[in-house]
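Residue-level listing of the chains:
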Amino acid sequence: MKKGDLLYQGKAKSVYKTDDPSLYIMEFRNDTSAFDGAKKASLDRKGEVNNRINAYVMEKLAAEGIPVHLKSMLDANNSLVMKLDMIPVECVVRNRAAGSLCRRLGIKEGQALVPPTYELFLKNDELHDPFINDSHALTFGWATEAQLAEMKAQTLKVNTVLSRMFDAAGMTLVDYKLEFGVSEGRIYLGDEFSPDGCRIWDKATGEKMDKDRFRQDLGNVIEFYLEVGKRLGVPL
Ligand code: ADP
Ligand code: TMP
Ligand code: ASP
């Protein structure tokens, strides 16, 4: 499958048309951003590492019955995906307190969250991805009631599958963000699952292994992404 016109250049990935109108190519670039694009860098190998981790995780999720947009990994930096109409709502599950939850609610980082929290954010960099609820999504037409219910069910199912998978590999899945989209009236998990969009801590030491290393200038960002992949069994 060959790349056609560039459709969208995001902060970390580019989306291309293909010969098939129902398929896109998603290119994982080395560009890295945080704080809604305010902090930027290019990190050697990041695109490849995230593309490979994403393909591995999406295939596991598909095998567990979660509808995913990934068709196949094409090469080191590119994957073939279904064309989706993206729902501009980010679905976040947290198993441990970190990040904006600590800032918003004054919760201590690391506190176990039982049951895990489920939150929605509007995907809008200019507004800094504000916290929203179902009512906002319905009123402003970002998602229907049925879509919200399906997104929540799938996001929590992902938590069951991935929490177990990371735990077995000596890591804690602290939180993660998912994006969904629609094709022919059905919801699919879109975008990516990689250390860019989740928090992962070493189970024994609590060491951060995700994009917080970049956000907080902790160093060795890609070394830790590679370690995440290696522990999961991703060919890298
Ligand atoms: P951002 O838009 O936040 O800068 P990226 O750099 O990751 O993010 O760009 C990827 C873009 O592609 C995102 O806006 C995402 O919503 C969108 N996207 C992901 N999967 C699909 C898909 N299957 N079909 C259409 N768009 C998609
Ligand atoms: P937060 O603590 O900043 O709200 O983020 C929660 C999790 O979701 C964290 O793993 C980072 C991820 N996330 C993104 O990747 N992109 C986003 O735009 C948002 C809001 C969260
Ligand atoms: N994903 C957002 C960005 O790239 C937010 C973040 O990761 O901090 O800027």
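First things first, this report covers the structure right here in the doc.

Procedures and definitions
Residues numbered from 1 in each chain as written. Chains lettered and ligands numbered in written order. Predicted model: local features only at pLDDT ≥ 70, side-chain atom pairs only at ≥ 80, totals over all residues. Heavy atoms only, no water. Helix = DSSP H or I, 4+ residues; strand = E, 2+ residues; numbered from the N terminus. Expected span 1.5 Å × (residues − 1). Buried < 20%, exposed > 50% of the residue type's maximum accessible area, 1.4 Å probe, protein only. Near = heavy atom within 4 Å. Polar contact = N/O pair within 3.5 Å; in protein donor to acceptor, adjacent residues only side chain to side chain. Areas by Shrake-Rupley, 256 points an atom, 1.4 Å probe, with all protein chains shown as cover. Nonpolar A, V, L, I, M, F, W, Y, C, P; charged D, E, K, R; others polar. Pairing = 2+ DSSP bridges. Axes fitted to C-alpha atoms, helices over the stretch in contact; angles between N-to-C directions. Contact = heavy atoms within 4.5 Å. Parallel < 35°, antiparallel > 145°, perpendicular 65-115°, else oblique. Left-handed = near helix turned anticlockwise from the far one by under 90°.

With that settled, the discussion passes to helix α1 (residues 46-63). Note on helix geometry: an α-helix contains 3.6 residues per turn, so any two residues three or four positions apart are oriented the same way. If you check α1, its first and last C-alpha atoms are 26 Å apart, about what 18 residues at 1.5 Å a residue would give, namely 26 Å. Counting buried positions over the 18 residues of α1 gives 13, a clear majority of the element.

Now for the site of ligand 1. Inspection of the region around ligand 1 gives 16 residues, with Tyr-8, Lys-11, Ala-12, Lys-13 and Lys-123 positioned closest. Within the backbone of Lys-11, an N or O atom sits 2.7 Å from an oxygen atom of ligand 1. Look at ligand 1: alone it shows 550 Å² of surface, and the protein chains cover 89% of it. For the shell around ligand 1, the secondary-structure elements that each account for two or more residues are β2 (13-17), β3 (23-28) and β7 (78-82).

Before going further, it helps to examine the site of ligand 2. Residues in close proximity to ligand 2 total 15 residues, the closest being Arg-94, Ser-100, Asp-129, Asp-175 and Arg-199. Taking Arg-94, its side chain carries an N or O atom lying 2.8 Å from an oxygen atom of ligand 2. A total of 460 Å² of accessible area belongs to ligand 2 in isolation, and the protein chains cover 85% of it. Those elements giving two or more residues to the shell around ligand 2 turn out to be β8 (85-96), α2 (99-105), β11 (171-183) and β13 (198-202). For the shell around ligand 2, the leading source of residues is β8, giving 3 residues. Grouping the constituent residues of the shell around ligand 2 by class yields 4 nonpolar, 3 polar and 8 charged.

This brings us to the sheet that holds β7. The strands making up a sheet are joined through hydrogen bonds of the backbone, oriented either antiparallel or parallel. With antiparallel pairing, the 5 strands of this open sheet are ordered in space as β1-β2-β3-β7-β6. Because the sheet does not close on itself, it has two edges, and the strands there are β1 (6-9) and β6 (70-73). Taken over all neighbouring pairs, the strand axes of this sheet differ in orientation by 25° on average, direction set aside. Where β2 meets β3, 5 bridges bridge the pair, whose relative direction is antiparallel. Opposite Val-15, over in β3, you have Met-26 as the bridge partner. Sheet strands in contact with α1 are β3, β6 and β7, and its direction is about 130° off that of β6.

Axis separation between α1 and helix α6 (residues 221-232) bottoms out at 10 Å; the angle between their running directions is 25°. Classified by the interaxial angle, the pair formed by α1 and α6 is roughly parallel. The interaxial crossing formed by α1 with α6 has left-handed handedness. Along the contact surface, α1 presents Lys-46, Val-49, Asn-50, Ile-53 and Tyr-56, while α6 presents Ile-222, Tyr-225, Leu-226, Gly-229 and Leu-232.

Locating Glu-179 in the fold gives a position in strand β11. At a separation of 3.5 Å, a polar atom in the side chain of Glu-179 contacts the side chain of Lys-123. At a separation of 2.9 Å, a polar atom in the side chain of Glu-179 contacts the side chain of Lys-177. Ignoring sequence-local partners within four residues, the contact set of Glu-179 consists of Met-86, Val-89, Glu-90, Lys-123, Tyr-188, Leu-189, Gly-190 and Asp-191.

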